[in-house]
Amino acid sequence: MATVTDAGVELDGVSVDFGDVSALNDVSITVEHGEFFTLVGPSGCGKTTTLRAIAGFESPTEGTVAIDGEDVTGRPPEDRNVGVVFQNYALFPHMNVRENVAYGLRFRDPPGGVSRRERVDELLELVDMAGLGERDPTELSGGQQQRIALARALAPGPEVLLLDEPLSALDVRLRERLRVTLREIQQSLDITTVYVTHDQEEALAISDRVAVVADGEIEQVGSPEQIYRSPASRFVAEFVGDNNVFEAAVDGSDPPRVSIDDQTVPLAAASKVTPGERVTLSIRPEDISFDERDVAITATVEQVEFLGDAYRVHCEWGEMPILVKTTHDEIPRETTTIWFDAPDVHVVGRSVTE
Amino acid sequence: MRERAERFAVPLGLVTTVSVLIVVFYYPVGNVFADAVSSDGRPTLAPILDVLTDPFYTGIAHHIFTDPLGVPAGIIQWFLAVELSPSGLDLPPTSIGLFGFTAYQAALSTVASVALGLPGAYLLSRYEFPGRHTIRSLTILPFVLPGIMVAVGFLAMFGRNGLFNDVLAVVGLGPVEALFTLEIVVVAHAFYNAPLVTRLVTTAWESVDRRQVETARSMGATPFRAFRDVVVPQLLPSLLTASLLTFVFTFMTFPIVLALGGLQLATVEVWLYARVQNLELTEAAALGTIETVISLGLTYLYLRYEARQVATGRAGPSLARRQLVDGVRSLRDPRRLAIAAYGVVVLVVFVGPLLSMVVESVTGPGGEFTFEYYRFLLAQQTSSAIGTTRPLPAIVNSLLFGVGTLVLALPMGIVVAVVANRDVTGSRGAEAVLSAPLAVSGIVVGLGLLQTLVFGTVLFDYRITVLGPSAIVFAHAVAAYPFVTRNVAPALGGLDPRLVDAARSLGASRFRSLLDVELPLVASGVVAGAAFAFAISVGEFDSTVLLAEGVDSYTMPVALERYIGNRSLGPSLGAATAMGTVLLGVTAGSFVVIDRVGGRWQP
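All of these numbers come straight from a predicted model, not from anything done at the bench.

Colleague: Just checking my understanding: could you explain the overall build of chain A for this structure?
Modeller: In terms of regular secondary structure, chain A is built from eight helices and 19 strands. Within chain A, the fraction of its 354 residues that count as buried is 52%. In chain A, the share of contacts with a sequence separation of at least 24, taken over all contacts with a separation of at least 6, comes to 65%. Summed over its atoms, the accessible surface of chain A is roughly 16100 Å², and 43% of this surface lies on carbon and sulfur atoms.

Take a look at the structure:
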């Protein structure tokens, strides 16, 4: 039974099936009031289905959805007081900008006791589109259409703002600019927001908290820093940011150490491993250095990419590819020693061998 | 309260639509079928067996039912009985029976339609000439023209004093007695169905990717081999679809044969009509049942086949079009000469009948120009030489029924379109619901309505009767609403589903989002569907002719049939051609609307 709290949005054990296919499996999420919460994952992972279950476009096969402490599981979308922004904007092509923004006010009174007209002006002002009210959506650029879609979703004063890949149809520069605007508007309104994206960088940049979704299940929920620095699973480690992931056999637990390519590598003292276990480890490319650190390994430099602010150096450690990211201007050639600190190696998965 | 009503509007609309269909289509038609398989409430196969074992209906094949052991020989004999010699065209070969003849004339009509339609597809898809677009859109026109009006056109064109014989006389030939022959019926069927062939094949031809042909050529294929290996396989499916449709249409043909062939060339549908008029209702019911089974089978085949055709979204460029007239030398090119000859045939078969009808309607008995026939249409006479069928009420009735059909068919068609777009189950169900009226003959629908709603039906001790005019509107709506759906459903399906999601998240109910967002965006589909519905109502003849007799509210097509059926008028078709011209005007008006808004016309 759902314990209904006062959270902005709460999913409790939600599953969604499409025929025989399970799109979501026992997902529980709590989004706090005013929080910017992002669902990130590869396409088809269930993040959009989660959003649609909150909006009421999909009905859960199991579990409950609560908005603002109220169970809304069986309610149609029109009775949920959510604002939704879609990837392709979904502006009504037969209505001009004002009519689009005003559409929700046909069914809900404008918040704050203002007239509809004033409310539309307010919103156009908010998204910096005042004066374009008489335009048709087709006369607007992609970025402008997205602003109007946001204004339309916000006009009736929804409890929750749901954004389904709202920036992915825009080019990179515009996307980066708009996400700052979006975050500013969200913070100024202090509105509970659920954001869906497949772009992990965007997720990290914009969110209070992030949930990584894979195969219809939540892999990890946490702040962007937690997600990036302490991935809870191999999937998270590989999906979020560049990473080096490899398998190793545990050599001993006190102090914890593994052996890779006939070399013993010490792990952070807090790592809980048992001898005989096989573990999956990850280490960020920027945590590997050509300068001296705790642990030294011998690697061969294969390829160097210049990124402007840094270099990506593709190395090989024995048979294993290993990626190093460095701002160091002098990249060694051929065989060299690379270094890292034991606490930067994370155990992201384990399996018992016989 | 209003919100509640809105929430249930779509389900309610569906329930209403299905209820209307049950009451005005499935129940009456089912009642006819029940007559064929039961007698005094007991099930029996006697009426159907009576038909199947009667050599009149099944010809030599009746042995299949009377002497099952002799079946193989019987079937071979049946096929051998079909003579393909020209002399065999003159009369219905009794050896193959009524069903055999009906199939035979349908097969001939299909061959004629393909022969007449294919060159048109070649011309439209491979040549560029002024008016190409217009001619391409005109291929929809025959579809909305009432059959009985086309029959009037053919009478005016190919009658003893018609334009055709006039032209032949100028070159010292003729006169040709074309009326009441199988040939004229087949040509009239081609008038209807050759444009169908042309249109479907042209579409397929235009979507052949030029680069495929160029690849074949670069690999060493001659132009002919490239055509045979690359183009033909892409045209065949559309040709087969068109042929199958033509066969179904001409198998169930009615007004053309009734007006141009008469009873000696009767097809199943015409004979069915004659049985009803003779009040041999059990035999009619059995005949209608067998006919429906056959046409349902053919329709099922068509749908199965069409479903297999994968719509390949093509981005490549079409084959380049040649200029039809490209300097003086091109006029001696044999291909272009053949096209010119084809143009003459098109003039005779397609333009001739319509033109003759219009000319005839303003030509007096002595060849002088006159508005007499149109004055007759507007005159409020109580009786005339033509009997009791007065023209003005027919015109008024047709228009009123057309409007009534719109009012009924538009919401029905839209509701089915909405349901069809919802999910797979919805679209399958809608497909079945839509196809059923297509496969049941208008005569059976009319007969069923007459026997049930019009004569009265007892429900819970209340006798329910429906007025004749409303029965006609019901029958028209059943025939028309699939066209609304066919035009609206694809447009709805093409809309981004997130538009509805957006509206609903903003507080609109499902019904409001339909009204506020979807319908305005598919307005052209709705208008096209409405134009089709109106045209079909105005031109509907099959069920109207039966219902009109029972309730004395005739329409323009029914009046037309009575005018041309009345030989006491002498050789002049004046009144009929005048009314036919009015009918042509009304249906051509619908066509213009359909063409402007880009309607989908396929059934």
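Colleague: I keep staring at the interface of chain B and chain A and nothing clicks. Help me out?
Modeller: Interface extent is often summarised as the accessible area lost during association of the parts. Tallying the contact residues gives 20 residues for chain B and 24 residues for chain A. Each partner contributes to the roughly 1900 Å² buried at the junction of chain B and chain A, and carbon and sulfur atoms together form 59% of this total. When the buried area of chain B at its contact with chain A is split by residue, R498(B), S505(B) and L506(B) rank highest and sum to 34% of it. Taken together, chain B and chain A are joined by three salt bridges. Between R504(B) and E78(A) there is a salt bridge, with the nearest N and O atoms lying 2.7 Å from each other. Summed over the shared surface of chain B and chain A, the result is seven residue pairs in polar contact (both at pLDDT 80 or more). Considering only residue class, the side of chain B that touches chain A consists of eight nonpolar, four polar and eight charged.

Colleague: Honestly, a negative patch on the surface in this entry has me stumped. Any pointers?
Modeller: All names here are of chain A. Taken together, the side chains of D17, D20, D26, E62, D215, E217 and E219 present a region of like negative charge at the surface. Position of D17 relative to the elements: it lies in strand 1 (residues 9–18). With a relative accessible area of 37%, D17 lands in the partly exposed category.

Colleague: For this particular structure, what's the right way to read the sheet that holds strand 2 (residues 21–31) of chain A?
Modeller: Sheet strands pair by backbone hydrogen bonding; their relative direction is either parallel or antiparallel. All names here are of chain A. Strand order in this open sheet of four strands is 2-1-4-5, and the pairing throughout is antiparallel. Edge positions in the sheet fall to strand 2 and strand 5 (70–71), since each has one partner strand and no second. Sheet strands in contact with helix 1 (residues 47–55) are strand 1, strand 2 and strand 4 (62–67), and its direction is about 115 degrees off that of strand 1.

Colleague: What is the right way to read the packing of aromatic side chains from this model?
Modeller: The relation between two aromatic rings is expressed through the spacing of the ring centres and the mutual angle of the planes. A complete count under the given rule lists 22 aromatic pairs over all chains for this structure. Ring geometry for F92(A) versus Y103(A): centroids 5.1 Å apart, planes at 75 degrees, classification edge-to-face. Residue F92(A) is found in the loop between strand 6 (82–85) and helix 2 (97–102), and its partner Y103(A) is found in the loop between helix 2 and helix 3 (116–126); the two are separated by eleven residues along the sequence. With a centroid separation of 4.8 Å and 80 degrees between ring planes, the pair formed by F25(B) and Y26(B) is classed as edge-to-face. Relative accessible area serves as the criterion here: at 2%, F25(B) is assigned to the buried category. Y26(B) gets classed as partly exposed once you look at its relative accessible area, which sits at 37%. Among the aromatic residues, those joined into a ring-pair cluster are F154(B), F158(B), F191(B), Y192(B) and F350(B).

Colleague: Explain the confidence of the model for chain B here, please?
Modeller: A low pLDDT score tells you not to read the predicted coordinates there in detail. Residues and elements named next belong to chain B. Taken residue by residue, chain B gives an average pLDDT of 78. The fraction at 70 or more is 81%. Averaged over each element, pLDDT in chain B is lowest for helix 5 (residues 63–66) (56) and highest for helix 24 (residues 497–505) (92). Every residue in residues 84–92 is under pLDDT 50, and counting partners more than four places away or in other chains gives 13 contacts.

Colleague: Sorry, what's going on with the nonpolar core here?
Modeller: Most often, soluble globular proteins keep nonpolar side chains buried together rather than apart. Counting 139 residues, the largest nonpolar core has L145(B), M149(B), L260(B) and M579(B) as the members making the most contacts within it. Of all the elements, helix 23 (residues 468–494) of chain B adds the most residues to this core, at 13 residues. Discounting chain neighbours no more than four positions away, the residues touching M579(B) are L377(B), P391(B), A394(B), I395(B), M556(B), A559(B), L560(B) and Y563(B). Judged by nonpolar contacts, the second largest core, of 37 residues, contains V16(A), I29(A), L39(A) and V72(A).

Colleague: Which parts of the structure should I look at to understand helix 2 (residues 9–37) of chain B?
Modeller: One turn of the α-helix equals 3.6 residues, which is why residues spaced by three or four share an orientation. Residues and elements named next belong to chain B. A rise of 1.5 Å per residue sets the reference length of helix 2, with its 29 residues, at 42 Å; its end C-alpha atoms lie 39 Å apart and thus fit the reference within 8%. Approximately 45 degrees is the largest bend angle found in helix 2, and it occurs at I22. For helix 2, the complete set of buried residues consists of A9, V10, G13, T17, L21, V24, F25, P28, V29, V32 and A36.

Rules behind the numbers
- Residues numbered from 1 in each chain as written.
- Chains lettered and ligands numbered in written order.
- Predicted model: local features only at pLDDT ≥ 70, side-chain atom pairs only at ≥ 80, totals over all residues.
- Heavy atoms only, no water.
- Helix = DSSP H or I, 4+ residues; strand = E, 2+ residues; numbered from the N terminus.
- Buried < 20%, exposed > 50% of the residue type's maximum accessible area, 1.4 Å probe, protein only.
- Contact = heavy atoms within 4.5 Å.
- Areas by Shrake-Rupley, 256 points an atom, 1.4 Å probe, with all protein chains shown as cover.
- Buried area = accessible area lost by both parts, 1.4 Å probe.
- Salt bridge = Lys/Arg side-chain N within 4 Å of Asp/Glu carboxyl O.
- Polar contact = N/O pair within 3.5 Å; in protein donor to acceptor, adjacent residues only side chain to side chain.
- Nonpolar A, V, L, I, M, F, W, Y, C, P; charged D, E, K, R; others polar.
- Patch = residues over 30% accessible without salt bridge, like charges linked within 9 Å, V, L, I, M, F, W, Y side chains within 5 Å.
- Lys, Arg positive; Asp, Glu negative; His and termini not counted.
- Charge placed at Lys NZ, Arg CZ, Asp CG, Glu CD.
- Pairing = 2+ DSSP bridges.
- Axes fitted to C-alpha atoms, helices over the stretch in contact; angles between N-to-C directions.
- Phe/Tyr/Trp six-rings, centres within 6.5 Å; stacked < 30°, edge-to-face > 60°.
- pLDDT = per-residue confidence, 0-100.
- Core = buried A, V, L, I, M, F, W, Y, C linked by side-chain atoms within 4.5 Å.
- Expected span 1.5 Å × (residues − 1).
- Bend = angle between axes of the 7 residues up to and from the residue.

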